[in-house]
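So you can see what is in the structure, the chains are spelled out below.
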Amino acid sequence: MLTSAAKLLHDNDYYCAVAHCAYYSCYQLLKHLWLYKMGKTQEQLDSKCSLSHSGSHEVLINEIGQILNIDHLRIFNNKMTQLKRLRTDADYGNRVFDSVNSEKSLALSEEIIFVLNKYK
């Protein structure tokens, strides 16, 4: 899983790549829940994306959020928003992405995965 890759990158000081792997480890779990917990298909996801004029990330975040209880939803939305911002900064930003941001990315992904794993 990408979580292990994120930790390996962090331990080897490749901080900028950590947020990407940490974020996509959560995205993969969202996709897993969509396919196996919710019993949906890729075609259904593509259709929802097309109808809503949104990307798969936004659609999955919103759709999976609907199966979470209110306490988990608050945690998930808060942490996912922060992690997505860190990933965007790391991938596209024009500032230094340091060990503090890298550690924060790892911690956020671990918290998100902990919540989502309750729904597998």
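Note on numbering: residues in each chain are counted from 1, in written sequence order. Thresholds applied to this predicted model are a pLDDT of at least 70 for local features of residues and 80 or more for the giving and counting of side-chain atom pairs; totals over whole chains, interfaces and linings are not thresholded and use all residues. Side-chain measures here rest on the full set of heavy atoms in the structure, leaving out hydrogens and waters.

**A few points about the packing of aromatic side chains**
Pairing of aromatic rings covers Phe, Tyr and Trp, the last through its six-membered ring, and needs centres within 6.5 Å; plane angles under 30 degrees mean stacked, over 60 mean edge-to-face, and all others mean tilted. A complete count under the given rule lists two aromatic pairs for this structure. Aromatic pair Tyr-23 and Tyr-24: ring centres 5.2 Å apart, planes at 85°, arrangement edge-to-face. Taken together, a centroid distance of 5.8 Å and an interplanar angle of 70° make the contact between Tyr-24 and Tyr-27 edge-to-face. Taken together, the residues Tyr-24 and Tyr-27, both in helix H2 (residues 15-37) and three residues apart, mark about one turn of the helix. Here, a charge over a ring is recorded when the distance from Lys NZ or Arg CZ to the ring centre is within 6 Å and its angle to the ring normal is within 35 degrees. The ring of Tyr-23 is capped by Arg-87, whose NZ or CZ atom sits 4.9 Å from the centre of that ring. Each helix is a run of DSSP H or I of at least 4 residues and each strand a run of E of at least 2, with the numbering of both proceeding from the N terminus.

**Focus: the packing of helix H1 (residues 2-11) against helix H6 (residues 99-116)**
It is at 10 Å that the axes of H1 and H6 come closest, and there the two elements cross at 160°. The pairing of H1 with H6 is recorded here as roughly antiparallel in orientation. Regarding H1 and H6, the two cross each other, and that crossing is left-handed. Along its contact with H1, which presents Thr-3, Ala-6, Lys-7 and His-10, the element H6 presents Ser-99, Ser-102, Glu-103, Leu-106, Glu-110 and Ile-113. Where helices are involved, their axes are fitted lines through C-alpha atoms of the stretch in contact, as for all axes, and angles between N-to-C directions lie from 0 to 180°. Angle categories are assigned with fixed cut-offs, so that under 35 degrees is roughly parallel, over 145 is roughly antiparallel, 65 to 115 is roughly perpendicular, and the rest are oblique. Here a crossing is called left-handed whenever its near helix is offset anticlockwise from the far helix by less than a right angle, and right-handed whenever the offset is clockwise. Note on contacts: a residue pair qualifies if any of its non-hydrogen atoms lie within 4.5 Å across the two residues.

**Overview of the nonpolar core**
In this structure, Leu-30, Phe-76, Met-80, Leu-83, Ile-112 and Leu-116 are the most contacted members of the largest nonpolar core, which totals 31 residues. Elements with a contribution of two residues or more to this core: H2, helix H3 (42-52), helix H4 (56-65), helix H5 (70-92) and H6. In terms of residue count, the dominant contributor to this core is H2 (eleven residues). Each residue touching Phe-76, except ones within four places of it in the same chain, is listed here: Leu-30, Ile-61, Gly-65, Leu-68, Ile-112 and Leu-116. Think of a nonpolar core as a cluster: buried Ala, Val, Leu, Ile, Met, Phe, Trp, Tyr and Cys residues, connected wherever their side-chain atoms sit within 4.5 Å. We call a residue buried when its accessible area falls under 20% of the maximum for its residue type, exposed when it is over 50%, and partly exposed in between, using a 1.4 Å probe and counting protein chains only.

**Observations regarding the side chain of His-72**
With respect to the helices, strands and loops of the structure, His-72 is situated in helix H5. Counting of polar contacts relies on pairs of N or O atoms within 3.5 Å, with two restrictions inside protein: one atom must be capable of donating a hydrogen and the other of accepting it, and residues adjacent in sequence are counted only when both atoms are side-chain atoms. Within the structure, His-72 has its side chain in polar contact with the side chain of Tyr-119 (distance 2.6 Å). Once residues lying within four places of it in the same chain are set aside, the contact partners of His-72 are Val-115, Lys-118 and Tyr-119.

**What about the pattern of salt bridges?**
Any two side chains of opposite charge can pair if their charged atoms end up close together. The working definition used for a salt bridge is a side-chain nitrogen of Lys or Arg within 4 Å of a carboxyl oxygen of Asp or Glu. Under the defined criterion, the tally for this structure stands at seven salt bridges. Here Arg-95 ties to Asp-89 by a salt bridge, and the two come within 2.6 Å at their closest N and O atoms. For Arg-95, a relative accessible area of 52% puts it in the exposed group. The class of Asp-89 is partly exposed, set by a relative accessible area of 22%.

**Here we look at the side chain of Ser-25**
With respect to the secondary-structure elements, Ser-25 resides in helix H2. A polar atom in the side chain of Ser-25 sits 3.5 Å from the side chain of Thr-3. Only 2.6 Å separates the side chain of Ser-25 from the backbone oxygen of Ala-22, close enough to count as a polar contact.

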